[in-house]
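Breakdown of the fold
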Amino acid sequence: MTVSSLATTHRDGRSPDKAVSSYTEWDPLEEVIVGRLAGGVFPTWQESMRATMPPGSWRLFQEQGGRPFPQDLVAAADEELDGLARALEDAGVKVVRPEPADHRAGFGTPHWTSSGGCYAAMPRDHLIVVGDTIIESPMSWRCRQFDGDAFRPLLKSYFERDARWLQAPRPQLTDELFATGDHHEWAITEFEPVFDAADFMRFGRDLVAQRSHVTNAAGIRWLQQAVGGAFRVHTIEVNDPHAMHIDATLLPLAPGKLLVNRERYVHNELFDGWDIRKAPQPALPEDWPMYFCSPWVNMNMLSVDERTVVVERQEEPMMEMLTDWGFRCIPVDFRHVYTFGGSFHCVTVDVRRRGGIGTYLAPGR
């Protein structure tokens, strides 16, 4: 199954009567999934996490895997997620949410066990929409193998409305997948295709991917084969020894406008002719609890359209830069969500945006 058959479009580029249709990160947003944190638990430790997780979390995950997160922090983060949903609805966007799910139950395969799941807060890790197809990713964290169950009722509802629905091959996640020793560049091998959907960014007919500690070359190749000849998947180099998810390294906000991480971005000729600006330093206090990621999650934003961006309310340097760049900012409190490893782009999946396939990157690359 591929996504090579493109939908008919109106003169304004909009796909008619499509439950799922999204080609870029910036076309006018019509429907979006927003995650939930309630029921989430600390991930069960596996050694590949050492390459990406803050060192302060290693022992916590080792000791608390499968146990609930602190409930006061969960309540504060879920309140912020609800606030995001309201802000998007006020902007005219249809918001859908997964049902609350309990991730405490342990599970396993003939090869390994996990003390529990993780959460349904970050659907961008698990799902990617390419045109009129919604794709479930084969994630390399064992504890996240059933995260997607929280979204199954939504996926089935889209399928019932004639959306294309594709699930990548279920990975075995045996020890052969995980690199050992210090001589490996990545925490995972090429044993089988794995990827997190958040390691891809959509530019119309072009998808940009990064190789990371959760996404291997086989996973990128599988996605290219799945989407077919109508789309091109490009793997770019980044300067990030802890690479996991591309949306804190580069983020297209509009045609020709690219926000990049000043520490991680490596120039690529794909973006020749684009206005590229460096994200300001994060405004997050140094002592803010961060279980999963760095403060650079400040650039993990969501475009409502090519002129409007949802931004964390206290990231004032970011809002000043975006305003100067010609954008309108929608400020939303989100620091407690930061604690759990993501921001506006991570916690959403844009199911439907008004627009067609388009070509935006330098041709022939």
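Quick note: structure is the one above.
**Here we look at the pairing of strand β12 (residues 257-260)**
Remark: a regular strand shows side chains that alternate across the two faces of the sheet. The sheet contact formed by strand β11 (residues 250-254) and β12 spans four bridges and is antiparallel. In the sheet register, P252 faces β12, and the bridge partner there is L258. Between β11 and β12, which follow one another and run antiparallel, lie two residues, and G256 among them has a positive phi close to 85°.

**Topic: the nonpolar core**
One finds L37, F69, L84, L88, Y119, V310 and F340 to be the most contacted residues of the largest nonpolar core, which totals 41 residues. Contributing elements (two or more residues each) for this core: β1 (29-34), α2 (71-90), β14 (302-305) and β16 (328-332). Here this core gets eight residues from one element, more than from any other, and that element is α2. Those residues in contact with F340 that lie beyond four places of it in its chain are L37, F69, L73, V74, A77, Y119, M122, Y291 and F292.

**Brief notes about α2**
Over its 20 residues, α2 extends 28 Å from the first C-alpha to the last, a length consistent with the 28 Å expected when each residue adds 1.5 Å. Those residues of α2 that fall on the buried side of the exposure criterion are L73, V74, A76, A77, D78, E80, L81, G83, L84, A85, A87 and L88. Directly beyond the C-terminal end of α2, a positive phi value near 90° is found at G92.

**Some thoughts on the state of the cysteines**
All told, the structure shown has zero disulfides when counted by the stated rule. The thiol sulfur of C293 is not disulfide-bonded, and the nearest other cysteine sulfur, from C346, lies at 7.3 Å. C346 sits in the buried class, given a relative accessible area of 4%.

**So, the pairing of strand β5 (residues 127-130)**
Residue alternation in β5 divides its side chains into two sets, L127 and V129 and I128 and V130, and both sets are buried. Note that β5 and strand β6 (residues 133-136) share four bridges and pair antiparallel. For L127, the partnering residue across the bridge sits in β6 and is E136.

**Some points on the sheet that holds strand β15 (residues 308-312)**
Each strand in a sheet pairs with its neighbour through backbone hydrogen bonds, running either in the same direction (parallel) or in the opposite one (antiparallel). Spatial ordering of the open sheet is given by β14-β15-β16, a layout of three strands whose pairing is mixed. Because the sheet does not close on itself, it has two edges, and the strands there are β14 and β16. When the angles between neighbouring strand axes are averaged without regard to direction, this sheet yields 30°. Of the strand pairs in this sheet, β15 and β16 are connected by five bridges, and their pairing is parallel. Looking across to β16, one finds that T308 is bridged to R328. Here α2 sits on the sheet and contacts β14, β15 and β16; the angle it forms with β16, its principal contact strand, is near 145°. Here helix α6 (residues 316-324) sits on the sheet and contacts β15 and β16; the angle it forms with β15, its principal contact strand, is near 165°.

**Description of the sheet that holds strand β8 (residues 200-203)**
With respect to topology, three strands assemble into an open sheet ordered β8-β9-β10, the strand pairing being mixed. In this open sheet, the two strands that pair with only one neighbour each are β8 and β10 (232-236). Each adjacent strand pair in this sheet contributes to an overall mean axis angle of 25°, direction not counted. In this sheet, strand β9 (residues 206-210) lies alongside β8 in antiparallel orientation, the contact comprising four bridges. Pairing of R202 across the sheet is with L207, part of β9.

Conventions used here
Residues numbered from 1 in each chain as written. Predicted model: local features only at pLDDT ≥ 70, side-chain atom pairs only at ≥ 80, totals over all residues. Heavy atoms only, no water. Pairing = 2+ DSSP bridges. Helix = DSSP H or I, 4+ residues; strand = E, 2+ residues; numbered from the N terminus. Core = buried A, V, L, I, M, F, W, Y, C linked by side-chain atoms within 4.5 Å. Buried < 20%, exposed > 50% of the residue type's maximum accessible area, 1.4 Å probe, protein only. Contact = heavy atoms within 4.5 Å. Expected span 1.5 Å × (residues − 1). Disulfide = S-S within 2.5 Å. Axes fitted to C-alpha atoms, helices over the stretch in contact; angles between N-to-C directions.

Note that every value here comes from positions in space, so none of it alone points to a role or purpose.
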